[in-house]
Amino acid sequence: MSATGIGASVKRKEDFRFLTGRGNYTDDINQPNQTYAYILRSPHAHAKIKGIDTTAAKSAPGVVAVFTGEDMQVGSIPCGWGVNNKDGSPMNEPFHPALAQGKVRHVGDQVAVIIAETYSQAKDAAELIEVDYEELPAVTNSEKAIAPGAPLVHDDAAPNNMCYDWELGDEAEVDAEFKNAAHVVSIDLTNNRLVPNAMEPRAAIGDYNTGTGEYTLYTTSQNPHVIRLLMGAFVLQLPEHKLRVVAPDVGGGFGSKIYHYAEEAIVTWAAGKVRRPIKWTAERSESFLSDAHGRDHISHADLALDADGKFLGLKVYTKANMGAYLSTFSTCVPTYLYATLLAGVYTTPKIYVNVKAIFTNTVPVDAYRGAGRPEATYLLERLVTKAAKQLGMDQVAIRQKNFIPADAFPYQTPVALQYDSGDYEATLKKAMELSKWTEFPKRKAEAASRGKLRGIGISTYVEACGIAPSAVVGSLGARAGLFESANVRVHPTGSVSIYTGSHSHGQGHETTFAQLVSETLGIPLENINIEHGDTNRIAFGMGTYGSRSLAVGGEAIMKALGKVVDKASKIAAHLMEASPEDVEFKDGKFTVAGTDKEVDFGTVALTAYVPHNYPHETLEPGLEENAFYDPMNFTYPGGCHICEVEIDPDTGTTQVVGMTAVDDVGRVINPMIVEGQIHGGLAQGIGQALLEACEYDDNGQLTSGSYMDYCMPRADNLPDFKAATETTLCAHNSLGVKGCGEVGAIGSPPAVINAVLDALHDVGVQDISMPATPQKIWQAIQAAAVLAAAE
Amino acid sequence: MPSVSMTVNGKQVSGTVEPRTLLVQFIRENLHLTGTHVGCDTSQCGACVVHVDGASVKSCAMLAVEADGSTVTTIEGLAGNADVLHPMQEAFRDNHGLQCGFCTPGMVMSAIDLVNNNPTPTDHEIRDWLEGNICRCTGYHNIVKSIAAGAAAMKGQKAAAE
Amino acid sequence: MYEFSYHKPSSVADAAQAIGAADDPKILAGGQTLLPTMKQRLASPSDVISLRGCRDLVGISSDGSTVTIGAMTTHAAVASSADVQKAIPALAALAGNIGDAQVRNRGTIGGSLANNDPAADYPAATLALGATIVTTKRELSADAFFTGMFETALEEDEIITAIRFPVPHAAAYAKFDNPASRYALVGVFYAKTSDGPRIAITGAGQGGVFRSTEIEDQIAAGKTPDSSSINESDLNADIHASAAYRKHLIGVMAKRAVAAAG
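Residues numbered from 1 in each chain as written. Chains lettered and ligands numbered in written order. Predicted model: local features only at pLDDT ≥ 70, side-chain atom pairs only at ≥ 80, totals over all residues. Heavy atoms only, no water.

Chemist: So what's going on with the layout of surface pockets? Which residues, and what values?
Modeler: There is about 1300 Å³ of room inside the second largest pocket. Taken together, 40 residues form the lining of the second largest pocket, with Thr653, Gln655 and Asp716 of chain A together with Asp177 and Arg182 of chain C sitting closest to its centre. Of all the secondary structure elements, the ones that give two or more residues to the lining of the second largest pocket are β26 (638-648), β27 (653-664) and α17 (671-691) of chain A, α5 (123-129) of chain B together with α5 (89-95), β11 (170-177) and α11 (243-261) of chain C. Per-element accounting of the lining of the second largest pocket gives the leading share, six residues, to β11 of chain C. (1 Å grid on protein atoms, 1.4 Å probe; cavity = no way out; pocket = protein on both sides within 12 Å on 5 of 7 lines; lining within 4 Å. Points joined across faces, edges and corners; volume = space filled by probe spheres on them. Helix = DSSP H or I, 4+ residues; strand = E, 2+ residues; numbered from the N terminus.)

Below you can see the structure in the form of structure tokens.
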């Protein structure tokens, strides 16, 4: 292993600029003659707009323009994935306006944009706009939204507030398994709504070049090409060659910056109208009301088992809250990223899943770190632990009994996926060792002597990422391909620029991708630059989400590098007067087997651009190659997370005292970065389990709309993590890589809740919902005591 | 409009501002020092932490006019023109204490203030001190490691200077 | 934030005058509550009068029986003051746990008391210790000072200049944080004074900080304090804590404060 190649914990190349305050985030960018936009948002969850008077605002100091939905007649913000109902009919897909058209459907819905010389002036003028609202009853809970008589978010465009009623599997076939079952274990649970909260609030700058007619959008996006496609083709009808989208340094995404948002279309469209650049930056309270939220599932599940605890069948019924509109990937999250994972790491032969996607008067819900797989994992791992308890089995033994064995891969699940590799016993064993599982009773007793309730919880999971094979997702309703592109440009002096369609917003691509290049071409890291985030500089890209950057984007780079080495070998053969097939390339040097002939990579690069002595008959000058890579399957990271908690029964406070994660993410390119990714996922998983509650009141007001009320994990909420990897290689890509961005958030929530319930077992508490806040735990302890007293 | 003058990163600066201008706006918009970030509007995230007269403050919760006559250090003032990283910055790089980089300037400025007050903080003290700095990427594990390493390096640097 | 006029008088007398001359003035001390409130446009003063120029409002002195803290003294200064640590360690500890490090570097004791946020920490210490609030016009007992949520006995143009804390025999503060904001969901300050035990509760009451004579009587009688006497309907309820949970926490925190004071 070289010091800068695959497997080395290379320090990150991007850190210098971030550490010295020289990052270049969207809000750091300013254009000459720039104006500022403030978006007036709905204070109501559901209301008709009977009229908007902008007269006073238009003449307020500094105001350049005011636009409402009446002015901005453009296309619907599109949804990227069509899902069909059980009966084969297409889902309901109501119009999604950039600025409200006659009706507002959630608190925070965009009503008007005010453009002024300064942001303060725009915000001051917004207060002069008079909107005549006729308030309507609102509904925020998905179960209530499909009850008869519920307010209709989209009126006739979505009867019963139903987006789709979808199923996977044959319900009758699974019912038959239940008839033979010795045991049936059931569970009802909620996967709590979360607010992603990347630390950089979203921002967008629209610019229109009056000379060329070209538009430029600077935006906080995980995938600028996708934004160009969605906004250009569907909303504003701008062709690709007249629309440039730049996503510079982006301060975290976690899914929330995948989607095309109204504000992007508004500043781009309005820049054309006012013919000046327009900057919009969200305040955090706006982020809460406009960034797509995550999760929000209500589920019921039944597991059938034989007398020995072997799983026979599983039925799952889920209601997924879509919010008021369909965000870009919203529809695929509770279906193809959720239901298909409900086999988990187990050999359950028959599975049926029904998912109802439901409109409510809330902020749209879409993929958030893990997207569907955390929901599947939480359901399964709560259910399996409950089954162990109900059957009187050991919670580890019941898992082992049902694991897909390591020699069973490739393994076809009953829910459409084919897992290519994995070893769930290996990750389990290592996690149990690292967490000192067997010595837990001693620690529990010691905690009890201090008056604390100590519990341990486990979760064994698999997920599907490296999204995704275009043909497969296309057949399932995706309206785009999910390949990735790469361009490798070797410069005359031998330095290399990589142009990738993946976008880095914390993942460290500039380092990890450079390691691939260093390993392949044998050149030092400082001679390599990774370029991303600009549709005018990068040929194409599908962007960063679904833990796909390395498994798809990295593979595209490897493919392009392969082409570069091929061509360079031919040039080297010419220089060494050898046959190309006799040329070997290693550590940056071309050699001819059995001779002392040698030419280095730099010389070949120079020759390609100064082709005086060159095989012009067979080769073009230059050394630059493109590649597109479309994966053959998803990748399947898996692992085991073990959590240990201590609960103060007097106050209900939970302290996480141990968090162990052993994950199989395939081959690891940079262990330091992988570990960091896992840490971050664990923090978000613990946050979901214990701290983060996104709550609406009955009127549809978001009651957890700032950091005063939405509990973000802080340093003192979290323990030191024990993170390790255990590797099986991905069987269908050249690097053997799987993906590590989401595993931490996927595996950990059920481990945490199982630990909380283990701790509370002795005081009679059987169930708790996420987030298990101090109040909830205290209330559960009280309720259990009342119940015990009554018995 | 009131005029303000202060020393920022060793340089005397001045400007006229509306009274409602926050220190962070003055730093970002008037001085074009965009390393200081705004991550929330309730003064909790700490992305905007700078030093005013030697103590860490949230520049989103201070009026620019209130900093008149003060000495301010921002993240840009640590490494200086020579591009030599401060030991705390170096420690964050060595220990992978940052990912997206957005909270990082505030995190580093806060960490240095901690070490100025407590040269050998325990992990518990570090976690406690970071109440006012939110990071969504790292899970804090590597930030805590970075600050402990940075504290040790600052101590070493101080000893070498004496 | 709305526009306003800014004033920086160099004495409290000038400050009081500036207040009198303004339409709708606000005094700016450390600004850690006022500025976020103004940013959210929940406050719109015509004039902001900064006390930053009033240097004589900063400082701590102790004579063994009384600790006097200037109104513009920061939480960080109180927390790290050797005088406070020696005379009333519970007060130093309380100050060292207000907000976060950056808030403590700006926020002031006078600002906190004048604002009387129902979830602030200082009001509990001030009330339990029976402190005296010294203003430009008079001296007020803590019992008379706090009049309700965000309400005090201060008149419009009256400015706090200092707080005098009598040194108790023992004291301790037990705080249960709001998990999100880290303000006190329930905070109980217990002081063992020559007049007997005093208990002040913050974070919980609809009317802001309050004393519980029932709990004080329990302690005086040598009993373990409990919150059975607290009326739930007087307590706050929000998404973080119901009134019943707050009531329960008052008992737990009271017990912990008494135990910690020794």
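Chemist: Describe the sheet that holds strand β3 (residues 49-52) of chain B, naming the residues involved and giving the relevant values.
Modeler: Residues and elements named next belong to chain B. On the basis of which strands lie adjacent, the open sheet formed by five strands has the order β2-β1-β5-β3-β4 and mixed pairing. Edge positions in the sheet fall to β2 (11-16) and β4 (55-58), since each has one partner strand and no second. With strand direction ignored, the average angle separating the axes of adjacent strands in the sheet is 40 degrees. With four bridges joining them, β3 and β4 adopt antiparallel strand pairing. Each residue of the ladder has a partner; that of Val52, found in β4, is Ala55. Of the strands in this sheet, β1 (3-8), β2, β3 and β5 (71-73) touch helix α1 (residues 23-30), which is tilted by about 100 degrees from β2. With respect to the sheet, helix α4 (residues 104-117) is in contact with β3, β4 and β5, its orientation differing from that of β3 by roughly 40 degrees. (Pairing = 2+ DSSP bridges. Axes fitted to C-alpha atoms, helices over the stretch in contact; angles between N-to-C directions. Contact = heavy atoms within 4.5 Å.)

Chemist: Give me the domain arrangement of chain C: which residues, what numbers.
Modeler: All names here are of chain C. You can read the domains of chain C as domain 1 (5-50), domain 2 (57-166) and domain 3 (170-261). Taking the mean C-alpha position of each, domain 2 and domain 3 sit 19 Å from one another. Listed per partner, the contact involves 21 residues of domain 2 and 23 residues of domain 3. Carbon and sulfur atoms make up 62% of the area that domain 2 and domain 3 hide from each other, which totals about 1600 Å². Counting every contact that joins domain 2 to domain 3 gives three salt bridges. Salt-bridge contacts for Asp143 lead to Arg198; the nearest nitrogen and oxygen are separated by 2.9 Å. (Domains from an automatic or database assignment. Buried area = accessible area lost by both parts, 1.4 Å probe. Salt bridge = Lys/Arg side-chain N within 4 Å of Asp/Glu carboxyl O.)

Chemist: Can you explain the interface of chain B and chain A? Please cite residues and give values.
Modeler: In this complex, chain B contributes 45 residues to the contact, which on the side of chain A involves 52 residues. Summing both partners gives a buried area of about 4200 Å² for chain B against chain A, and 54% of it is carried by carbon and sulfur. Three residues, His96, Arg127 and Arg136 of chain B, lead the burial of chain B against chain A; their summed loss comes to 19% of the area buried on that side. Summed over the shared surface of chain B and chain A, the result is six salt bridges. With a shortest N-O distance of 2.8 Å, Arg22 of chain A and Asp83 of chain B are connected by a salt bridge. Here chain B is connected to chain A by 30 residue pairs in polar contact (both at pLDDT 80 or more). Considering every element that reaches the side of chain B that touches chain A, the biggest residue donor is helix α3 (residues 87-94) of chain B, with four residues. (Polar contact = N/O pair within 3.5 Å; in protein donor to acceptor, adjacent residues only side chain to side chain.)

Chemist: Which residues make up the interface of chain A and chain C, and what are the values?
Modeler: Listed by partner, the interface residues are 23 residues for chain A and 21 residues for chain C. Taken as a group, Met708, Gln775 and Trp778 of chain A account for 29% of the area that chain A buries against chain C, more than any other trio of residues on that side. In this structure, Arg182 of chain C and Asp716 of chain A form a salt bridge, with 2.8 Å as the shortest nitrogen-oxygen distance. Linking chain A with chain C are 13 residue pairs in polar contact (both at pLDDT 80 or more). Looking at the side of chain A that touches chain C, the element that brings in the most residues is helix α19 (residues 774-790) of chain A, giving four residues. When the residues that make up the side of chain A that touches chain C are grouped by side-chain class, the tally is six nonpolar, eight polar and nine charged. (Nonpolar A, V, L, I, M, F, W, Y, C, P; charged D, E, K, R; others polar.)

Chemist: Which residues make up the packing of aromatic side chains, and what are the values?
Modeler: Under the defined criterion, the tally for this structure stands at 26 aromatic pairs over all chains. On the basis of an interplanar angle of 75 degrees and a centroid distance of 4.9 Å, the ring pair of Phe67 of chain A and Trp269 of chain A is categorised as edge-to-face. One end of the pair, Phe67 of chain A, is in strand β3 (residues 63-68); the other, Trp269 of chain A, is in helix α7 (residues 262-274), and 202 residues separate them in sequence. Residue class for Phe67 of chain A comes out buried when judged on its relative accessible area of 12%. Ring plane angle 85 degrees and centroid distance 6.2 Å describe the contact between Phe176 of chain C and Tyr245 of chain C, whose orientation is recorded as edge-to-face. (Phe/Tyr/Trp six-rings, centres within 6.5 Å; stacked < 30°, edge-to-face > 60°. Buried < 20%, exposed > 50% of the residue type's maximum accessible area, 1.4 Å probe, protein only.)

Chemist: Explain empty space enclosed by the protein to me, using residue names and the numbers behind them.
Modeler: All names here are of chain A. Tallied over the full model, the rule gives six cavities of 30 Å³ or more. Looking at the second largest cavity, its volume works out to about 160 Å³. Surrounding the second largest cavity, 18 residues form its lining, His96, Gln110, Tyr261, Ser290 and Pro364 being those nearest its centre. Broken down by secondary-structure element, the contributors of at least two residues to the lining of the second largest cavity are α7 and α8 (284-290). Class assignment of the residues belonging to the lining of the second largest cavity gives a composition of nine nonpolar, six polar and three charged.

Chemist: Can you break down the sheet that holds strand β6 (residues 130-135) of chain A residue by residue, with the values?
Modeler: Residues and elements named next belong to chain A. Read across the open sheet, the three strands follow the order β4-β2-β6; overall the sheet is antiparallel. Edge positions in the sheet fall to β4 (103-104) and β6, since each has one partner strand and no second. Examined bridge by bridge, strand β2 (residues 47-53) and β6 share six bridges and lie antiparallel to one another. Within β6, the position partnered with Ile52 by the bridge is Val131.

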